[in-house]
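# Results of the structural survey
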Amino acid sequence: MWDKLLAFSVFDLQILPNERALRLLEEFKTLPDNWDEEGALAPAQNAVLLAENLVRLLQQTGQKVYHVAPGPNGEIMVDMRENGKSVEILFYADNMRYVLFPLDGNPEQGEYQQ
């Protein structure tokens, strides 16, 4: 019995960071227009759902999500970082973009295909 409880606890600790991201994404669904008091649009529901799908997929593969955030144009940003490099995936209502931040050099951005 204890080995099952211990295994669950270790597993639970491994997914906590992405669980936090998923909770935040759930909260973003309730943000109204002007949520930042500077005219930001409410997050597009489709953008939130796509971001949730990516975070769940990353959770299954063991990849941690560094941060998620709403943007001023109704987009949702999912930020992943590792060894000084990072990538941001931006989910809009009708498209997706990425921005790669390498260790050295300039950021690269383009259309993201999920």
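Residues numbered from 1 in each chain as written. Predicted model: local features only at pLDDT ≥ 70, side-chain atom pairs only at ≥ 80, totals over all residues. Heavy atoms only, no water.

### Overview of the nonpolar core
Core analysis: the biggest nonpolar cluster contains 23 residues, and L25, V55, V68, V78, I89 and F91 have the highest contact counts within it. When residues of this core are traced back to their parent elements, those giving at least two are α1 (2-28), α2 (45-61), β2 (76-82), β3 (85-91) and β4 (96-101). Considering every element that reaches this core, the biggest residue donor is α2, with six residues. (Core = buried A, V, L, I, M, F, W, Y, C linked by side-chain atoms within 4.5 Å. Buried < 20%, exposed > 50% of the residue type's maximum accessible area, 1.4 Å probe, protein only. Helix = DSSP H or I, 4+ residues; strand = E, 2+ residues; numbered from the N terminus.)

### Side note on the pairing of β4
Judged from the six bridges that link them, β3 and β4 form a sheet pairing that is antiparallel. Opposite F91, over in β4, you have M96 as the bridge partner. Between the end of β3 and the start of β4, which pair antiparallel, lie four residues. As paired elements, β4 and strand β5 (residues 108-111) share four bridges and run antiparallel to each other. (Pairing = 2+ DSSP bridges.)

### Structural notes on the confidence of the model for the chain
This prediction gives the chain a mean pLDDT of 87; 84% of its residues lie at or above 70. Taken together, the stretch residues 1-10 has pLDDT below 50 and engages in zero contacts with residues farther than four places along the chain or on a different chain. (pLDDT = per-residue confidence, 0-100. Contact = heavy atoms within 4.5 Å.)

### Topic: the environment of L49
Mapping L49 onto the fold places it in helix α2. Overall, the relative accessible area of 42% leaves L49 in the partly exposed class.

### Points about unusual backbone geometry
Phi is positive for N34, which is not a glycine, with a value near 65 degrees. By secondary structure assignment, the location of N34 is in the loop between α1 and α2. Residue E37 is not a glycine yet carries a positive backbone phi of 60 degrees. With respect to the secondary-structure elements, E37 resides in the loop between α1 and α2. For E37, a relative accessible area of 72% gives the class exposed.

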